[in-house]
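Notes for the structure review
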Amino acid sequence: MTADLAARVNAAFDRIEAADRPEIWISLRDRAATLAEASAVDPSLPLAGLVFAVKDNIDVYGLPTTAGAPSYAYRPGADATAVARLRAAGAVVIGKTNLDQFATGLVGTRSPYGAVRNAWDPARISGGSSSGSAVAVALGLVDFALGTDTAGSGRVPAALNGIVGVKPTRGLVPVTGVVPACYSLDCVTVFARDLTLGRTVAELMEGVDPADPLSRSLQPAPAAPARPRIAVPTPSHLQGLAPGWREAFAAAVRRFASAGADIVEVDVAPLLEAASLLYDGAFVAERYAAVGTHLEKHADLIGSDLDATVAGIILGGKEKTAADWATDAGRLATLSAAGRAALSGCDALLTPTTTGHPTLAEVAADPVGANARMGRFTNFANLLDYASLAVPAGFVGGLPFGVMLTGTAFTDRALADLARRFANPGIDLFVVGAHLTGQPLNVQLAAAGGTLVAATATAPSYALHVLDTDPPKPGLVRVGDGGRSIMGELWRLPADGFGVFVGSIPAPMAIGRVTLIDATSVSGFLVEPAALENAPDISHLGGWRAYLAEPAGNAMKS
């Protein structure tokens, strides 16, 4: 084992001790045994030396699985498939994390091991059910953590703790070795402070497992286009958000727009109605099928070892009939079609991840109602077979605020691309000449990671001249009154690519601020005034392409 790997493992245990947050953990590994495992890690593996935590409804060999109920505990004979794949990639398990019992809840308080307090404000909830995993990542105790998600358990706690929550398409990550909540809907999820790491972990867990008949391989899906179309809920569906959250969401929408997205309001009522079926409909019978017998056998423990709210939800599933299931399955199919129609032509749906951030006391006073409000925008995703990704989007009142991108099955990678653009929206650059699409220097923009946003034009206050350069280039200059509108293209470059690109621009060209026809101001190509001496004015033609189509321009091309 390299000194670096040893240091990472030791540092993780030291951070856990210093944090003094025992409610995060249900079981921790022995430090010496963990170091011994790390000694065999190949440093060349993709996750070599990273340490991670696992929600305690996911099997880790050598540690008990409790699903948040001591009476349910068992010793697994093997790692869950997801855990085994991460260990094979070099990651080292530190311990098992607390959760809303039997993964039934979005608050993080329904556990005999204690309510998990929020990473930013210990008086508030962590969110659940993957409560311990999210807080362990947010506090920097581990590099990443696994959770599960049936109703939003891999996304709500991410938002409330200011981290990334990756919920893959159903079945992409096998659930072999996961205590089921609703087996047909359950997903293994990833918490990370960095989107790239979160997606890397998720992709390393992907792949069919014969032991999980619902597992499936990634299917081809379109990449996110250069100018994506992103749906957002109508204002009526944003009613009831916590104070300041509507404004924070509006700011996030503007940021997506500034990153090149076309924003369209859609009626998400079919999706929200589908969400209500998860707990109010017959699908809750799956929860009874998973652990209902255990609850009935240990009914005397309800209120102590077994959480009373959780028990009530799960045991209520026994009352659902086959006719109820058939009715709700038909209703879900209708709502699914309506949801697809509402989102037709859109690349993703953007919503707040949840609706508010209650205190522990508020949840204690209204455990069912508070929990129900948390899942407004998350409950439908697994029912309708969508992928989803929760990402931080700033702060409101000193607490994290998060948004969520949701798309149809197998759009996982496209959603991640959109989220990266949101995190790093890039820098817009207006070009008018040799960098236009199809022109000789356009390859420089592509090499810098640029994408074409739109063909557009300047405000009517510019002049365009032909410069004596090789290859021939136009020179754009602001002249104010008496100027013209000059055609060009708007490109978007990542910040690092923009820096490299600008650093390579030779004199007399320069980058300055250019006002476009819509009155927005962007970076753009201009020319030093000294270079305009004896440079023909071609402003009347309206742009470089029009000049190239003229006899003089054709002569220059030849």
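Let me begin by describing the structure that accompanies this report.

1. Describing the overall build of the protein
The secondary structure content of the protein amounts to 19 helices and 18 strands. Principal-axis analysis of the C-alpha atoms places the extent of the protein at approximately 95 × 55 × 45 Å. A total of 558 residues make up the protein; the buried ones form 57% of that total. With the model as given, the accessible surface of the protein reaches about 21000 Å², and the carbon-plus-sulfur share is 57%. If the 42 positive side-chain charges of the protein are averaged to one point and the 52 negative ones to another, these points end up 1 Å apart.

2. Looking at the sheet that holds strand β1 (residues 25-28)
Spatial ordering of the open sheet is given by β1-β3-β2-β4-β6-β5-β10-β11-β9-β7-β8, a layout of 11 strands whose pairing is mixed. If you trace the sheet from one side to the other, it starts and ends with β1 and β8 (262-266), each paired once. The sheet shows a mean angle of 25 degrees between the axes of neighbouring strands, taken without regard to direction. Note that β1 and strand β3 (residues 92-97) share three bridges and pair antiparallel. By the bridge assignment for β3, tryptophan 25 is matched with threonine 97.

3. Some points on the pattern of salt bridges
For the structure shown, the criterion picks out 22 salt bridges. Note that glutamate 37 is salt-bridged to arginine 87, the shortest N-O span being 3.2 Å. You can see glutamate 37 sitting in helix α2 (residues 31-38) and its partner arginine 87 sitting in helix α3 (residues 81-88), a full 50 residues away along the chain. On the basis of relative accessibility, which here comes to 23%, the residue glutamate 37 falls in the partly exposed class. Arginine 87 sits in the buried class, given a relative accessible area of 18%. Lysine 318 is the salt-bridge partner of glutamate 296, the closest N and O atoms lying 2.9 Å from each other. Of this pair, glutamate 296 sits in helix α9 (residues 285-297) while lysine 318 sits in the loop between α10 (308-316) and α11 (322-342), placing them 22 residues apart in sequence. Linked through salt bridges whose partners overlap, the residues forming this network are Arg29, Glu37, Asp79 and Arg87.

4. Topic: the side chain of asparagine 371
Mapping asparagine 371 onto the fold places it in helix α13 (residues 367-374). You can call asparagine 371 buried: its relative accessible area is 7%. Filtering out sequence-adjacent residues up to four positions away, asparagine 371 remains in contact with Gly105, Leu106, Val107 and Arg110.

5. Topic: α3
Among the residues making up α3, those that are buried are Thr81, Ala82, Val83, Leu86 and Arg87. Buried residues belonging to α3 abut α2, β2 (51-55), β3, β4 (144-149), β6 (187-192) and α6 (195-205).

6. Digging into the sheet that holds strand β13 (residues 451-457)
Taking strand neighbours across the sheet as the criterion, the five strands line up as β13-β16-β12-β18-β17 in an open arrangement whose pairing is mixed. In this open sheet, the two strands that pair with only one neighbour each are β13 and β17 (509-515). Between one strand and the next, the sheet's axes are offset by a mean angle of 35 degrees, whatever the strand orientation. Where β17 meets strand β18 (residues 521-527), seven bridges bridge the pair, whose relative direction is antiparallel. Bridge pairing links isoleucine 511 to phenylalanine 525 in β18.

Here is what the cut-offs are and how they apply
- Residues take numbers from 1 onward in each chain, read along the sequence in its written order.
- For a predicted model such as this one, the threshold for reporting local features is a pLDDT of at least 70, and the threshold for listing and counting side-chain atom pairs is 80 or more; totals across whole chains, interfaces and linings nevertheless cover every residue.
- Just so you know, side-chain values use all the structure's heavy atoms and leave hydrogens and water out.
- Helix numbers and strand numbers start at the N terminus; a helix is a DSSP run of H or I with at least 4 residues, a strand a run of E with at least 2.
- In this scheme, a residue with accessible area under 20% of its type's maximum is buried, one over 50% is exposed, and one in between is partly exposed, where area comes from a 1.4 Å probe on protein chains only.
- Residue-level accessible areas treat just the shown protein chains as cover; the underlying method is Shrake-Rupley with a 1.4 Å probe.
- The charge count includes Lys and Arg as positive and Asp and Glu as negative, but it does not include His or the ends of the chains.
- One atom stands in for each charge, and that atom is NZ of Lys, CZ of Arg, CG of Asp or CD of Glu.
- One requirement defines pairing of two strands: DSSP has to find at least two bridges between them.
- To get an axis, a line is fitted to the C-alpha atoms, and for a helix only the part in contact is used. The angle between two axes follows their N-to-C directions and goes from 0 to 180 degrees.
- A side-chain nitrogen of Lys or Arg and a carboxyl oxygen of Asp or Glu constitute a salt bridge if their distance falls within 4 Å.
- The contact criterion used is simple: two residues touch if any of their non-hydrogen atoms lie within 4.5 Å.

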